[in-house]
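Results of the structural survey
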Amino acid sequence: MTRELEEARDDRLTKAEISIFLTREWSRDNGALLRAEVEAAHAFIARYAVLDMNRTAVPSLTGQDEIVETLADGRTVRRLGSGVMAGSYASSPSEVMSFSTYGNSVAVAQAHRARAEAQAAVQ
């Protein structure tokens, strides 16, 4: 409890404090934003399931990755061409083409946090 009080007094938000704001945003308007994201995810999955079922090519363990689509936000969808996951689809944030590790996730999170803080400062 002492540690939590100390963290609450500094100017940085803890994960617990951030979750309060995120929960409020996701649940606003009876969860409209959350519902929209779930619907978009369903449509995304359905589109690639249909594409995959209509594909006649046989995956190869020695093939090359193929970019299937680049979305408006820069996200890329590619079909893996080699390895045990050949034929699977991978959806990556803006121009990330290699395996993402924890370090990549931290860098992306820090960039998004900086952008969110800059937007909050403007408002």
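Before any of the text, the structure's been laid out above.
First, a word on scope: everything that follows refers to the structure included in this document. For clarity, every value in this text was computed on a predicted model and none was experimentally measured.

Notes on the overall build of the chain
If you tally the helices and strands in the chain, you get 3 helices and 3 strands. Start at the N end of the chain and walk to the C end: the helices and strands fall as α-α-β-β-β-α. Since a compact globule built from 123 residues should have a radius of gyration of about 14 Å, the 20 Å found for the chain marks it as more spread out than a globular shape. The principal-axis extent of the C-alpha atoms belonging to the chain is close to 60 × 35 × 30 Å.

With respect to the pattern of salt bridges
Applying the stated rule across the entire model yields 6 salt bridges. Among the salt bridges present, the one from Asp-65 reaches Arg-78, with a minimum N-O distance of 2.7 Å. Taken together, the residues span a long stretch of sequence, with Asp-65 in the loop between α2 (15-53) and β1 (66-70) and Arg-78 in strand β2 (residues 76-79) at a distance of 13 residues. The class of Arg-78 is buried, set by a relative accessible area of 8%. When the shortest N-O distance is used, the salt bridge between Glu-117 and Arg-113 registers 4.0 Å. One end of the pair, Glu-117, and the other, Arg-113, are both in helix α3 (residues 102-122), 4 residues apart, so they sit about a helical turn from each other. Exposure remark for Arg-113: the relative accessible area of 40% places this residue in the partly exposed category. Each member of the salt-bridge network shares a partner with another, and the members are Arg-55, Glu-66 and Arg-79.

Details of the packing of aromatic side chains
Aromatic rings in a pair are described by how distant their centres are and how their planes are angled relative to each other. Within the structure shown, the criterion is met by 2 aromatic pairs. The interplanar angle of 45 degrees and the centroid separation of 5.5 Å between the aromatic rings of Tyr-48 and Tyr-89 together place this pair among those described as tilted. Of this pair, Tyr-48 sits in helix α2 while Tyr-89 sits in strand β3 (residues 89-92); the two residues are 41 residues apart in sequence, bridging distant segments of the chain. Take Tyr-48: its relative accessible area is 7%, and that puts it in the buried class.

Quick notes on the rules
- Residues numbered from 1 in each chain as written.
- Predicted model: local features only at pLDDT ≥ 70, side-chain atom pairs only at ≥ 80, totals over all residues.
- Heavy atoms only, no water.
- Helix = DSSP H or I, 4+ residues; strand = E, 2+ residues; numbered from the N terminus.
- Rg over C-alpha atoms; globule rule 2.2 N^0.38 Å.
- Salt bridge = Lys/Arg side-chain N within 4 Å of Asp/Glu carboxyl O.
- Buried < 20%, exposed > 50% of the residue type's maximum accessible area, 1.4 Å probe, protein only.
- Phe/Tyr/Trp six-rings, centres within 6.5 Å; stacked < 30°, edge-to-face > 60°.

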